[in-house]
Amino acid sequence: MLKNLATTLFVIAIVAGSAFSQAKNGGIARQIAMGGSQAGSGLVLNPFIMDDPALMLLNPSYQAMYKDYAWMNVGGGTLTGLSTGNNGYGQQNAGIAFAFNREWSFGMILSYDPSAVNTVGGLLAGAASPGFGIPGLPGFVRRNGGAQAIPGVANVWELVTAYDMGALDVGFGFMYGNSNADTKTTVPAPGTSTETEASSRLFGFRLGMNYDMGSGSSVDASASIRLDKATDNITNTPVGGAGSGGKYSATATEIQFNVRGKFKMSNKFNFVPYGMIAIVSAEPKEDEAPATLTAATLPSEKASALAYAVGAGGEYRTPTFYLAGGLSVQSARSKLELTPPAPGTTATFKATYFALPVINVGGEWWFTDWLAGRAGYYRSLGKTKVESEGAGGAGTSTEANTTRPNSFLLVGGINPATHDGLVTLGLGMRFGGFALDATVSEEALRRGFGLIGAQDNINTFGYITLGYNFGE
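Residues numbered from 1 in each chain as written. Predicted model: local features only at pLDDT ≥ 70, side-chain atom pairs only at ≥ 80, totals over all residues. Heavy atoms only, no water.

1. What to know about the side chain of asparagine 73
At step 1: Along the chain, asparagine 73 falls in strand 1 (residues 69–75).
At step 2: Within the structure, asparagine 73 has its side chain in polar contact with the side chain of threonine 465 (distance 2.7 Å). (Helix = DSSP H or I, 4+ residues; strand = E, 2+ residues; numbered from the N terminus. Polar contact = N/O pair within 3.5 Å; in protein donor to acceptor, adjacent residues only side chain to side chain.)

Next up, the structure:
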């Protein structure tokens, strides 16, 4: 009887939701299908699409537009032979928001991590790289033994609140994530007892605003700061026993600013410019020297990165067709300085990525009230320069330049090394308050659908976003 009652209540809830709600399509799957890319925001976005639930991950004020709304980004559908192994953490995430009243909404985002905290942890383990082709750099290792492996953060959550002031929406988010691997070994005297700690954590804060200027024009801006830390600590009792001893940590600060505008040019066309800048700085240090060693001048290590993007384009809209696209210039630079105690030679490693133009364009057609088709194109006409000075001794330097005409999109099994540019297809469906958006596997277009009973492990859909609007 309880089972029948539960089933009845579930059906009533779905029917009521279909009757009184309106689906809100969007999310990362829609962005990928419409020419989205990672460069320019840290998210996979087509920066010229102005209205989409995915923007809540970039600007918390967008939650005021998506109250009483739940969503899931489901990473899946990798292609046979082209899997990037990125399903799961970092690609799959979920969120929910509730309207407290007409003005306030409160929500939570789970497992979305835009931070560099795991790279910071690698600075202690000696495996970190500032990226863009600088592998195998020595890390900041403890003076009396090898560094512990820092466990990666894999459980990030964020609390978000937004306030609807009419023409102006504002939002705030607080993010937290941590990981640890602690052990404690106690032995009878005169043996040595040991405690170890290997941990990392991040705190993040976001502020955002979205201002309706009237007449179809608007501007939105957001800022975020994230504070990362990794700790490597070993304590021996009595002092001087076996083990490395000492406490080491690496800290980092991440700052990011984003701004976009939508300016109405006609009843069908809006001009859309955008800009973004992100800055990261990190440095490991010795907090407490091992008890068996005297204080000494340590090798220093400093890592930094700077990324920016500026673009202009537009969006064109009719009752059944939507087109958004434009051109951008994008750049990312990273630097690592390794300075040994005197009279050693400082080694500097630099990597620079620069692309002009970057093309993002996507179209969306609503064939019926419940079914949409999508197509997108992304191409990055860029190059990478990797430089090192002093790595082979004083006065030595190397430089390598590589063109980068291919995509850097690493979502849904799309392998960047096999694409000269990137063309994507997708579908959108909505039933009452329920929405499903998905990219279509390019392999499905060649050998047919494989949603059910596929024999070659190739899926019909690549990346899927589910959404449910349970508000009025």
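2. Here's the deal with the packing of aromatic side chains
At step 1: Following the criterion strictly, the structure yields 15 aromatic pairs and no others.
At step 2: The interplanar angle of 80 degrees and the centroid separation of 5.6 Å between the aromatic rings of phenylalanine 48 and tyrosine 274 together place this pair among those described as edge-to-face. Remark: tyrosine 274 occurs in strand 9 (residues 269–288) and phenylalanine 48 occurs in the loop between helix 2 (28–33) and strand 1; sequence separation between them is 226 residues. Per residue, the accessibility class of phenylalanine 48 equals that of tyrosine 274, and both read buried.
At step 3: Pairing tryptophan 157 with phenylalanine 174 gives two aromatic rings, centres 6.1 Å apart and planes at 70 degrees, and the pair type is edge-to-face. In this pair, tryptophan 157 is assigned in strand 4 (residues 156–164) and phenylalanine 174 in strand 5 (residues 168–185), connecting sequence segments 17 residues apart.
At step 4: Judged by relative accessible area, tryptophan 157 falls into the partly exposed class, the value being 30%. (Phe/Tyr/Trp six-rings, centres within 6.5 Å; stacked < 30°, edge-to-face > 60°. Buried < 20%, exposed > 50% of the residue type's maximum accessible area, 1.4 Å probe, protein only.)

3. Focus: the pairing of strand 11 (residues 321–339)
At step 1: In the sheet, strand 10 (residues 300–317) pairs with strand 11 via 18 bridges, with the strands oriented antiparallel. Following the sheet pairing, glutamate 301 is matched in strand 11 by leucine 338.
At step 2: Here strand 10 hands over to strand 11 after 3 residues, the two strands then running antiparallel side by side.
At step 3: Where strand 11 meets strand 12 (residues 347–366), 17 bridges bridge the pair, whose relative direction is antiparallel. Note on strand 12: the bridge partner recorded for leucine 338 is alanine 347. (Pairing = 2+ DSSP bridges.)

4. Here we look at the pairing of strand 13 (residues 371–389)
At step 1: The pairing of strand 12 with strand 13 spans 17 bridges and is classified as antiparallel. Among the inter-strand pairings, threonine 348 is bridged to a residue of strand 13, identified as glutamate 389.
At step 2: With antiparallel pairing between neighbouring strands as the criterion, strand 12 and strand 13 make up a hairpin whose turn holds 4 residues.
At step 3: Pairing geometry for strand 13 and strand 15 (residues 422–431), over 8 bridges, is antiparallel. Among the inter-strand pairings, alanine 375 is bridged to a residue of strand 15, identified as leucine 425.
At step 4: One ladder, built from 8 bridges, connects strand 13 with strand 14 (residues 397–404); its direction is antiparallel.

5. As for the nonpolar core
At step 1: In this structure, Ile28, Leu43 and Leu57 are the most contacted members of the largest nonpolar core, which totals 30 residues.
At step 2: Looking at this core, the elements with two or more residues in it are helix 2, strand 1, strand 9 and strand 11.
At step 3: Here this core gets 4 residues from one element, more than from any other, and that element is strand 9.
At step 4: Apart from residues no more than four positions distant in its own chain, leucine 43 is found in contact with Ile28, Ser37, Gln38, Ala54, Leu57, Leu58 and Tyr112.
At step 5: Counting residues in each nonpolar core, the second largest holds 15 residues, with Ala198, Tyr248, Ala250 and Ala282 among its members. (Core = buried A, V, L, I, M, F, W, Y, C linked by side-chain atoms within 4.5 Å. Contact = heavy atoms within 4.5 Å.)

6. Here's the deal with helix 3 (residues 117–125)
One full turn of an α-helix is made of 3.6 residues, so residues set three or four places apart face in the same direction.
At step 1: Among the residues of helix 3, those classed as buried are Val117, Val120, Gly121, Gly122, Leu123 and Leu124.
At step 2: At its buried positions, helix 3 is contacted by strand 6 (193–214), strand 7 (217–237), strand 8 (246–264), strand 9 and strand 10.

7. Observations regarding the pattern of salt bridges
At step 1: Applying the stated criterion across every chain, the model contains 10 salt bridges.
At step 2: Residues aspartate 52 and arginine 30 are paired through a salt bridge, measuring 2.7 Å at the closest nitrogen-oxygen approach. Of this pair, aspartate 52 sits in the loop between helix 2 and strand 1 while arginine 30 sits in helix 2, and the two are 22 residues apart along the sequence. Summarising the burial analysis for this pair, aspartate 52 and arginine 30 share the class buried.
At step 3: A salt bridge links glutamate 315 to arginine 317, with the shortest nitrogen-to-oxygen separation between them at 3.9 Å.
At step 4: We classify glutamate 315 as buried; its relative accessible area is 1%.
At step 5: Residues joined by salt bridges that share partners form a network here, namely Arg30, Asp52, Glu364, Arg374 and Asp437. (Salt bridge = Lys/Arg side-chain N within 4 Å of Asp/Glu carboxyl O.)

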